[in-house]
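# Tertiary structure, described
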2 protein chains.
Amino acid sequence: MSAVHTAGRWDAQRLASWSGPHLANVEAALSNWVGIDAPVQLGDAMRYAVLDGGKRLRPLLVMAASEAVQGNAAAALRAACATELIHAYSLVHDDLPCMDNDVLRRGKPTVHVQFGEADALLAGDALQALAFELLTPDDGSVTPAVQALLCRLLARAAGSQGMAGGQAIDLASVGLALDQAQLREMHRLKTGALLQGSVEMGAACAQDVAPAALAALRAYGSALGLAFQVVDDILDVTADSLTLGKTAGKDAAADKPTYVSLLGLDGARAQASQLLEEALAALERSGLADTEALRALAHMVVDRDR
Amino acid sequence: MSAVHTAGRWDAQRLASWSGPHLANVEAALSNWVGIDAPVQLGDAMRYAVLDGGKRLRPLLVMAASEAVQGNAAAALRAACATELIHAYSLVHDDLPCMDNDVLRRGKPTVHVQFGEADALLAGDALQALAFELLTPDDGSVTPAVQALLCRLLARAAGSQGMAGGQAIDLASVGLALDQAQLREMHRLKTGALLQGSVEMGAACAQDVAPAALAALRAYGSALGLAFQVVDDILDVTADSLTLGKTAGKDAAADKPTYVSLLGLDGARAQASQLLEEALAALERSGLADTEALRALAHMVVDRDR
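Nothing here was measured: the structure is a model prediction, and the numbers come from that model.

Should the pLDDT be low somewhere, the predicted coordinates at that spot are not to be read in detail. All names here are of chain A. Summary statistics for chain A give a mean pLDDT of 92 and a share of 93% for residues scoring 70 or more. Low pLDDT (under 50) marks residues 1–6, which in the prediction has 13 contacts with non-local residues, meaning those over four places away or in another chain. Two numbers describe this predicted complex: its pTM, 0.94, and its ipTM, 0.94.

Laid out in structure tokens, this is it:
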């Protein structure tokens, strides 16, 4: 890593002191907004899926990107929660028996184990709708132009040319020998689209951001999204289920192509380092002043152990 | 029915000549927008779920309501398609084995029978996202204010206090003895929210509509939504599977409470007539000039045989 990237780099404590208040705001907002007035156990299932768990990486990316462009804080909080709802719904559906059939998530029984398949399905569906409802408040706190842009970015990140499309490729690729370009395309959609979308949504909380800065933030999000998946593949091999809070080794067991199966463990680690460099370089050329949090989050993504 | 309501009422031919061009536009737009550039068989599953089937009642309600307020035609077409995508996704998920486990829909095998459960799940998820993507074009054809309002209305209609919430109540009510108020609340959410939402979205395609007219259109949508469900319950008993294009008698077989089980066949028919009167009366008091299509659609909903 070059000196320019490490100079002034936030340590873990500095990142924690930045993220702490943001995480508290996101948790409080999610608790206020998720599953309230929902009928019968649907609301319980929605809250179980969302609250008290997860790294909240997507909300932190939204918050950090919004800070970098001096975005509207009310818009950023809603966008942060919306990205987490989409992420949470995707996990609920991904864990269903007809998909990964997983029983453990964040150290707890998965939603369908706890509430039954039908309510898990509906909770996921309702969480996706709620994401768009959060983005379109009628209280005057977010301009219609920002609301519309946030909905557009989230819909594209979540849909058939984003997350859902990536999951479909993933499903179809079990047992197939993908090359690196195909694997990259799958992950660009499956995980990358929503991570990159989170960065773009944060940037969309301000109007009149310079196009070059937006393009740089998009490139940062793209590199970070891929880095996240490469590290995920590494952790699937190197970590245990207790640390991960989910079933380790399941990709290999399912004969799914991964960066580790394709590049080996050392090759995957080198790939993660290179993507980190790309992300940091994009921030350098963004011309934005307050990118420390985005830089620290990129390091966190690559250095994490779960 | 009072004379004022029947005077000048469109016959079936007049309704068909109004709806024909709208249906052609909606079909063409859906064919252009659904599943395009989606990976592998996800796009096929999405198109199978949406194209070449269905009464397109929700799109027609959007179009008719938009006409009544002289709404933006580009916005109305997108809103029309978006309501149909939400409806279509709900059918795909509702047919899954963990829900109604139905194998026949619109006279064809259901999506999970044709494409497998995992792709059916993902297709439904992607269709919901696509609905919001359609509402937020970046081509300048729809103002940001209308985009934001359409997203808000659709998200509320689809979510835990709308369609998904109603499905959860439906699920929890199998074998229970609901009274009429509880049954009405379930259907107000499960089917009514999206039908009413379709009318409201049509009305949202114009700005500066008088609040009294909007309230009247909401009341029309609410009455029509309930009428639709009452007639659905009647048809579940009186029609055969071939005419319905789906499995008849399944509610009774599943021991689900229905208007027929609660009110008897004659009572349910009287209820449908009363709701039709309510819907037509709301149009009368809307003060809007061009409500003929909305009136004809209300009659169609109550008089239909499938």
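Before going further, it helps to spend a moment on unusual backbone geometry. Look at A:Asp208: it is not a glycine, yet its phi comes out positive at around 55°. Take A:Asp208: it is sitting in the loop between helix 10 (180–203) and helix 11 (211–238). One non-glycine residue, B:Arg56, adopts positive backbone phi at about 60°. By the secondary structure assignment, B:Arg56 is in the loop between helix 3 (40–50) and helix 4 (57–68). Look at B:Arg56 and you get buried, because its relative accessible area is 2%.

Let us look at the relation of the copies chain A and chain B. After a rotation of 180° and a shift along the axis of 0.0 Å, chain A superposes on chain B with an RMSD of 0.0 Å. What the rotation and shift describe, once combined, is the action of a two-fold rotation axis. Take the interface residues of chain A: 100% of them recur as interface residues in chain B, which is what a same-surface contact looks like.

On to the interface of chain A and chain B. Taken together, the contact pairs 45 residues of chain A with 45 residues of chain B. Summing both partners gives a buried area of about 3700 Å² for chain A against chain B, and 68% of it is carried by carbon and sulfur. Between chain A and chain B we count two salt bridges in total. In this structure, B:Asp138 engages A:Arg156 in a salt bridge whose closest nitrogen and oxygen atoms are separated by 3.3 Å. Viewed at the interface, chain B and chain A are joined by 15 residue pairs in polar contact (both at pLDDT 80 or more). Among the elements that take part in the side of chain A that touches chain B, helix 7 (residues 117–134) of chain A stands out by supplying eleven residues, more than any other. Among the residues forming the side of chain A that touches chain B, the class breakdown is 28 nonpolar, nine polar and eight charged.

Thresholds applied
Residues numbered from 1 in each chain as written. Chains lettered and ligands numbered in written order. Predicted model: local features only at pLDDT ≥ 70, side-chain atom pairs only at ≥ 80, totals over all residues. Heavy atoms only, no water. pLDDT = per-residue confidence, 0-100. Contact = heavy atoms within 4.5 Å. Helix = DSSP H or I, 4+ residues; strand = E, 2+ residues; numbered from the N terminus. Buried < 20%, exposed > 50% of the residue type's maximum accessible area, 1.4 Å probe, protein only. Least-squares fit on C-alpha atoms with pLDDT ≥ 70 in both. Buried area = accessible area lost by both parts, 1.4 Å probe. Salt bridge = Lys/Arg side-chain N within 4 Å of Asp/Glu carboxyl O. Polar contact = N/O pair within 3.5 Å; in protein donor to acceptor, adjacent residues only side chain to side chain. Nonpolar A, V, L, I, M, F, W, Y, C, P; charged D, E, K, R; others polar.

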